[in-house]
Amino acid sequence: MKVLAIDTSTVAASAALIQDGSLCCEYFLNDGKKHSEKIISIIDYVIKSCGLEAKDIDVFSCSIGPGSFTGLRVGASAIKGIAQALGKPITGIPTLEVLAYNLRGFKGLICPIIDAQREMVYSTLFRFEGDTLLKIKDFSAIVIDDLICRLGPYDDDIAFLGDGVFLYQNKIKNSLKNARFADVGNILPRASSVASLAIIKYKEGHLLWYNDLRLDYIRKSQAEVEYEKNHIVTIVNMKAEEIDEVVEIEGLSFNNPWSYESFDFEINKNNLSRYIVAKTDGRIAGYAGTWLVFDEMHVTNIAVHPDYRNRGIGNKLVEEIINIARESGLKRITLEVRNSNNQAICLYEKNGFKAEGFRKKYYADTGEDAIIMWKEL
Amino acid sequence: MKKDINILAIETSCDETSSSIVKNGREVLSNIISSQIDIHKKFGGVVPEVASRKHLERISDVIDLAMNESKMKYKDLDAIAVTYGPGLVGALLIGLTTAKGLAYGLNIPLVGVNHIEGHIFANFIQYKDLEPPFVCLVASGGHSHIINVLNYGNYKIMGRTRDDAAGEAFDKVARTLELGYPGGPLIDKISKKGKADAIDFPRSYLEEGSYDFSFSGLKSSVLNHINTMKMKGLEINAADIAASFQESVVDVLADKLVWAAIEKKSPYAVLAGGVAANSRLRELLTEKCKENNIKVLYPDPILCTDNAAMIGSAAYYKFIKGETSSLNLNAIPNLSLSL
Amino acid sequence: MLKIISKSLDETIRIGMDLSKHVMPGDLICLTGDLGTGKTSFTKGLGKGLGITEYITSPTYTIINEYYSGRIPLYHFDVYRLGSADEMLELGCDEYFFGNGITVLEWADNVLDILPEEKLCIIMNVGNNFDERIITMKAYGDKYKTILKEMKNSESPRN
């Protein structure tokens, strides 16, 4: 079996080819230049050096992170492109495992650290038991001082490697007496380790097609982190003072909107009704209204403010009313939806509602049919 | 019989992941565009890291779809074409490196294409009989160029923006008016409800005879206007501001394109790029061209957005001249058209 | 600290050209100032002084523009569109800061907390009239202090 593997997760780029259990060629380049320019040439060099062509390779492999976002993507795109062209399977190997594998045979603990910027590292603690790599503790992304603190209780030797060593070697040395550091040839991820792990994955049957490979960045993009911080959606029971806002959304959503008085009745007088609202940014993003009648829930209206559509808020509201129905021990939920409202129909179907009938010309404004949907609980 | 040339093209310069199969430069067998606009909308603009992640997630499926729809097999392909600039470098790298992998795996040539050049070729797809020379305005989020298309691959840049691109001015003004993102279509839409002569924003023609653009001053005027209104406690009429701003931009764009067409005796005034989809620009240009007996050409909206078919078309004319790229090709964020 | 009054856009470009005589590979120049105060014009001057032949335009759209035609590469960033400093880190910006070119950063105040301590900060403010600009240069670190000293000494009898 022939495995071609690459690593581009740090400043260095490397490629290696293992054929029938022996390493035929490994190319390691750390010249500070961009991976995108050279990666194909490096792969080509390694394959040609072994007297092979790309189509002779059985499995392609790359590291999938954590590491430099751009570096990881360049490596994954190259491998995906080649595998897609040749119709060959691929495997993705976590970078921290790749690093640990550089120190195969080490008797103590192995602690790879990859720079995550702002005094943080990506890290996992490993140990070899025979040839098997065991995960002792996963630290994900952690502040270097916290990591040192968490490693304090371990008495065994701990071998550190990865590009984090370039930044924090002194700090670690000063705090942990049992710290060891990998030698210069093993400190960065190596493609030969990716290839060795790929063979193990292959034997375990963990092969992927090119469209299924996903990187593990560990971190969300910063824009998403900030966004989620500012836009947490909470769902709570609707209060009387929220009627104005809900009426506004009703007006923006329906041709024949309910009036203030209708909502006032629902909230303040109707004992059978249950109304919930989705809140974000300090305002109401959407609402759902229901009646609890015997063992059935009737959904009266669901709407999301135009500013907040396509963000999964409608789905959250539907999930919540299903929860309420379950908790109240009801047997089924029903609702009517406009024939033309595809988006809503999809949303309900996704949540297990089924179309079970029509009300002909139910909507007076357009003469459209209503679809009656049911969900059994 | 001459053999058909089939090119698989990839485009990932901004927030559309696209792949296309183009036969003999003009016949589009498939043109798959996976837009990320709904994802970036909530951030108020394209977030580079998010765009790069999505491109990588989607690219293989998009290529598969393009191949399936075209009914082609990989062995039928003659080259892989890809955009290598201008654009967001992280986004470009996904398409570029995937393309290199495909070209390497299939052992066929890679053809790097300039994104701006690609936009011009959208018109060769739209109008099967169109031949150079002609004068073309390429205007989009990142570019505003008036280009004298002398021949396939032979261009003379007559004018370009000295500061902001036209589409960028649209985005910035839309953001100031809190219309949302992307600015172009939103301003186009709201302007229909406003008066284009409500506010007299400056039109920057620069020095006599120049085909260059400058939208930075106009952008400042709009900001000034809004601030002044706010300070005076007056109501801001977004539709009027948008319409007046849009009129200032498209008036200059259309005038300069017409003048360029007259100078070069071009029978056509050709539009390309995202801004070419602006309805007022099309309308005004058509008016101005009528007086001068010039024919206005522009592609369908789908070909105005970033798409891979236009890249495949441009690549064809390079490929038949033997202009292929090395597998060491780099992504260049500000790649310029003059070679 | 160095304070220079620019009376026009052309003069702002010339001041950028002056600075280009003193910069070295790996230098970081941060520009701050409102829309329309001449940050891109200043960078144009700097690029012209470096011998860059391409057009230098606003990198708002692409965030980074790279120019290689001068005696030193110029990396021109505009981080106006970025929501936070961490988004800047995601762009792999440190490759540029310590690379072999000059890095110019517009809207640097948006990402200050991730920038290296040593840098040249240039603040552009509108002066007494519509065209006048007050350009304030502050040096952080010895090599940038030397740049400002050299600029002071070589300041032409323009004023």
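Here the structure is a predicted model, which means the values were calculated and not measured.

Section: the state of the cysteines
Enumeration according to the criterion identifies zero disulfides over all chains in this entry. Of all cysteine sulfurs in the structure, the one in C111 of chain A sits closest to C149 of chain A, which takes part in no disulfide; the separation is 13 Å. Unpaired in terms of disulfides, C14 of chain B finds its nearest cysteine sulfur in C304 of chain B, a separation of 16 Å.

Things to note about the interface of chain A and chain B
A common way to report how large an interface is uses the accessible area buried once the components associate. Taken together, the 34 residues of chain A in the interface contact 28 residues of chain B. Interface area for chain A against chain B, summed over the two sides, is near 2900 Å², with a carbon-plus-sulfur share of 59%. The largest share of the area that chain A buries against chain B comes from I40, R73 and Q84 of chain A, three residues that together contribute 21% of it. The tally of links from chain A across to chain B stands at one salt bridge. Between E49 of chain B and R73 of chain A there is a salt bridge; the shortest N-O distance is 3.0 Å. The interface formed by chain A and chain B includes 13 residue pairs in polar contact (both at pLDDT 80 or more). Taken together, the elements giving at least two residues each to the side of chain A that touches chain B come down to α1 (35-49), α2 (69-86) and α7 (222-230) of chain A. A total of 13 residues in the side of chain A that touches chain B trace back to one element, the largest contributor, which is α2 of chain A. Grouping the constituent residues of the side of chain A that touches chain B by class yields 17 nonpolar, eight polar and nine charged.

Quick notes on the pattern of salt bridges
By the definition in use, this model includes 44 salt bridges over all chains. Where E242 of chain A meets K279 of chain A, a salt bridge forms, and the shortest distance between an N and an O atom there is 3.0 Å. Placement of E242 of chain A in the loop between β11 (234-237) and α8 (243-253) and of K279 of chain A in strand β12 (residues 273-280) is noted, with a sequence separation of 37 residues between them. K279 of chain A gets classed as partly exposed once you look at its relative accessible area, which sits at 28%. Across the salt bridge formed by R359 of chain A and E336 of chain A, the nearest N and O atoms sit 2.8 Å from each other. With a gap of 23 residues between them, R359 of chain A in strand β16 (residues 354-359) and E336 of chain A in strand β15 (residues 332-338) connect regions that are remote in the sequence. The partly exposed category is assigned to E336 of chain A, whose relative accessible area is 30%. Among the charged side chains, a network of salt bridges with common partners joins D164, E168, K172 and K219 of chain B.

Some words on the sheet that holds strand β7 (residues 144-151) of chain B
Residue and element names in this part refer to chain B. Strand order in the open sheet made by the five strands is β8-β7-β6-β9-β10, with mixed pairing throughout. At either margin of the open sheet sits one strand with a lone partner, and together these are β8 (154-160) and β10 (295-297). Averaged over all pairs of adjacent strands, the angle between their axes in this sheet comes to 25°, without regard to strand direction. With four bridges joining them, strand β6 (residues 134-139) and strand β9 (residues 268-272) adopt parallel strand pairing. Along β9, the bridge assignment pairs V138 with A272. Each of β6, β7, β8 and β9 touches helix α8 (residues 238-263); the most contacted strand, β6, lies at about 160° to it.

Observations concerning the domain arrangement of chain B
All names here are of chain B. Per the domain assignment, the segments making up chain B are domain 1 (6-120 + 304-319) and domain 2 (132-300). Using C-alpha coordinates to define each centre, domain 1 is positioned 27 Å away from domain 2. On the side of domain 2, 21 residues touch domain 1, which itself brings 15 residues to the contact. Both faces combined, the contact of domain 1 with domain 2 buries some 1400 Å², and carbon together with sulfur accounts for 72% of it. When residues of domain 1 are sorted by the area they lose upon contact with domain 2, I116, I120 and C304 head the list and together hold 45% of the total.

Re α7 of chain A
Within the sequence span of α7 of chain A, burial applies to Q222, A223 and Y227 of chain A. All buried residues of α7 of chain A project into a common sector of 135° when viewed along the axis, lining one side. Packed against the buried residues of α7 of chain A are α3 (85-90) of chain C.

Notes on the environment of I172 of chain A
Residue and element names in this part refer to chain A. With respect to the helices, strands and loops of the structure, I172 is situated in helix α5 (residues 164-175). Expressed as a C-alpha distance, the spacing of I172 and N310, which sit 138 residues apart in the sequence, is 47 Å. When sequence neighbours within four positions are dropped, the list of residues in contact with I172 reads I113, I144, I148, F160, A179 and F181.

Cut-off values and rules
Residues numbered from 1 in each chain as written. Chains lettered and ligands numbered in written order. Predicted model: local features only at pLDDT ≥ 70, side-chain atom pairs only at ≥ 80, totals over all residues. Heavy atoms only, no water. Disulfide = S-S within 2.5 Å. Contact = heavy atoms within 4.5 Å. Buried area = accessible area lost by both parts, 1.4 Å probe. Salt bridge = Lys/Arg side-chain N within 4 Å of Asp/Glu carboxyl O. Polar contact = N/O pair within 3.5 Å; in protein donor to acceptor, adjacent residues only side chain to side chain. Helix = DSSP H or I, 4+ residues; strand = E, 2+ residues; numbered from the N terminus. Nonpolar A, V, L, I, M, F, W, Y, C, P; charged D, E, K, R; others polar. Buried < 20%, exposed > 50% of the residue type's maximum accessible area, 1.4 Å probe, protein only. Pairing = 2+ DSSP bridges. Axes fitted to C-alpha atoms, helices over the stretch in contact; angles between N-to-C directions. Domains from an automatic or database assignment. Arc of directions from axis to C-beta.

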